[in-house]
2 protein chains.
Amino acid sequence: MQNGLESLTTDEIAAASGVSTRTFFNYYPNKEAAAIGHPPEFSESDKEALRTGTAPLAADIKRLLGRHIETLAKDEAILRMVGKILRCNEKARGILDGFLSAQREDLTEVFCSRIGNRQTAAALAHSATNAIGGAIFLWEHEDGITLSQALDRVWEGLMDASRLLSSTGE
Amino acid sequence: MQNGLESLTTDEIAAASGVSTRTFFNYYPNKEAAAIGHPPEFSESDKEALRTGTAPLAADIKRLLGRHIETLAKDEAILRMVGKILRCNEKARGILDGFLSAQREDLTEVFCSRIGNRQTAAALAHSATNAIGGAIFLWEHEDGITLSQALDRVWEGLMDASRLLSSTGE
DNA sequence: AAAAACCTTGCACAGTCTGCAAGTTTTGCA
DNA sequence: TGCAAAACTTGCAGACTGTGCAAGGTTTTT
């Protein structure tokens, strides 16, 4: 069993769900999309807080990410299972990638309305979504660490990296 | 024609390549992988230069990225075609994502050996690969801009973002 | 209670991809 | 040169995903 998904047929999934295979495909465009579902979005109020926040930008971003990771932490089991699927199913990765790209664009708009410059906003949005992804990755690969702790570690790395990039020496 | 790839069957591709369909699948694991191919890697010597460089980190990174984007610029036609495929084929996105993740890990090692801290290295690697992706995106969506110019714009955004993140005020 | 809108399902079908068992070509070496 | 081994190509059968369509059933509306 390389995947878990690959060894599950749509017939089996449909039967287990108590609908016909045809109906399964009325609900979901394909097997992978059904398996990974739709990842949670950043909350509107958190985005609004980021848009209008007055604390240093880094602090406001960290708050958004922290709250988002808390949301994710509510479904650790799902997160772990989805991670397993993503690790060995290319199509699933592509589908998730689509969702995350949309979220990143969304976040880019938020940053854009706070700081004005689109390229800068895009870089920030990338950093933010990478931090979430990185935190999940760390949490998956390191025992006895919570998602929040993982985010803190990743965040520190991002802060270090930012300092390194913006300083002229090393 | 939503995709271009979806309306092309493997039978057609194989026939056009002068081999049987079965042989096509001996060469490539699937249609999408065949269509997008393997993206170019960062050159070993450029990575080595980054590993052992003594200029400010940002300058060394920028050099690596600049040289990589020059490599990409040699095949603009391919880049454009692959972009078109990626935009509407989830499986292809997932496959590319796998390649790029591997490249990013590779780059993480490079940064790691230069600066020591793994999380920081990972953040830098993310920023670097995002810059490449962002530059291609910008080049695709803005008329009359070269890849190098696009990279410069994206790079400025990254520098701004780094300063914003590492400063306590705004 | 009839009509309209909606949902589920079966069926046929196009397409991807794999394993297997030939057959064919290339390589290497005697 | 010539033959055996290795490597490659192919056809075929088959499992599986996903779609269009039309028939049948359910729910909602009037």
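Provided above is the structure to which this section pertains.
Residues numbered from 1 in each chain as written. Chains lettered and ligands numbered in written order. Predicted model: local features only at pLDDT ≥ 70, side-chain atom pairs only at ≥ 80, totals over all residues. Heavy atoms only, no water.

So, the layout of surface pockets
Definition in use: Only protein atoms enter the 1 Å grid used here, on which a cavity is any set of points holding a 1.4 Å probe that cannot leave and a pocket is any open set flanked by protein within 12 Å on both sides along at least five of seven lines; residues with an atom within 4 Å of a point are listed as lining. Grid points are joined across faces, edges and corners, and a volume is the space filled by probe spheres set on the points. For the purposes of this entry, the term helix denotes a DSSP run of H or I that reaches at least four residues, the term strand denotes a run of E that reaches at least two, and both are numbered from the N terminus. Residues are sorted three ways: Asp, Glu, Lys and Arg are charged, Ala, Val, Leu, Ile, Met, Phe, Trp, Tyr, Cys and Pro are nonpolar, and all the rest, Gly among them, are polar. By convention here, the domain bounds are inherited from an automatic or database domain assignment.
One number sums up the size of the second largest pocket: a volume of about 200 Å³. Contributing to the lining of the second largest pocket are 10 residues, with Glu6(A), Asn89(A), Glu90(A), Lys91(A) and Lys91(B) lying nearest its centre. Of all the secondary-structure elements, those providing two or more residues to the lining of the second largest pocket are helix 3 (31-36) and helix 7 (90-115) of chain A. Considered class by class, the residues forming the lining of the second largest pocket number 1 nonpolar, 3 polar and 6 charged. Three or more residues apiece are contributed to the lining of the second largest pocket by two domains, here domain 1 (1-36) and domain 2 (38-166) of chain A.

Examining the relation of the copies chain A and chain B
Stated formally: Least-squares fitting of one copy onto the other uses the C-alpha atoms of those residues that reach a pLDDT of at least 70 in both copies.
Once chain A is rotated about the relating axis by 180° and shifted along it by 0.0 Å, it coincides with chain B to within an RMSD of 0.0 Å. Each copy turns onto its partner about a two-fold axis. Relative to the rotation axis, the C-alpha of Gly94(A) is the closest in chain A, positioned 1.8 Å from it.

Here's the deal with the pattern of salt bridges
Residues and elements named next belong to chain A. Selection rule: The salt bridge criterion pairs a side-chain nitrogen of Lys or Arg with a carboxyl oxygen of Asp or Glu, the two atoms within 4 Å. Only protein chains enter the accessibility calculation, which uses a 1.4 Å probe; a residue whose area is less than 20% of its type maximum is buried, one above 50% is exposed, and one in between is partly exposed.
As enumerated under the stated definition, the model contains 26 salt bridges over all chains in all. One salt bridge connects Lys62 with Asp152, and the closest N-O pair in it is separated by 2.7 Å. Of the two residues, Lys62 is situated in helix 5 (residues 57-73) and Asp152 in helix 9 (residues 147-166); the sequence distance between them amounts to 90 residues. With relative accessibility at 35%, the residue Asp152 sits in the partly exposed group. For the salt bridge of Glu142 with Arg153, the shortest nitrogen-to-oxygen distance reads 3.2 Å.

With respect to the protein's contact with DNA strand C
Just so we agree on the cut-off: One heavy atom within 4 Å of a molecule or strand makes the whole residue count as near it. Definition of a polar contact: a pair of N or O atoms within 3.5 Å, with one able to donate and the other able to accept a hydrogen when the atoms are protein atoms, and with sequence-neighbouring residues admitted only if both atoms are side-chain atoms.
Near DNA strand C you find 15 residues, and of these Thr23(A), Tyr27(A), Thr10(B), Arg22(B) and Lys91(B) are the closest. Contact between DNA strand C and Thr10(B): a phosphate oxygen at 2.8 Å from a side-chain N or O atom of the residue. Take Arg22(B): an N or O atom from its side chain is 2.6 Å from a base oxygen of DNA strand C. Broken down by secondary-structure element, the contributors of at least two residues to the surface near DNA strand C are helix 2 (21-27) of chain A together with helix 2 (21-27) of chain B. Among the elements that line the surface near DNA strand C, the one with the most residues is helix 2 of chain A, at 4 residues.

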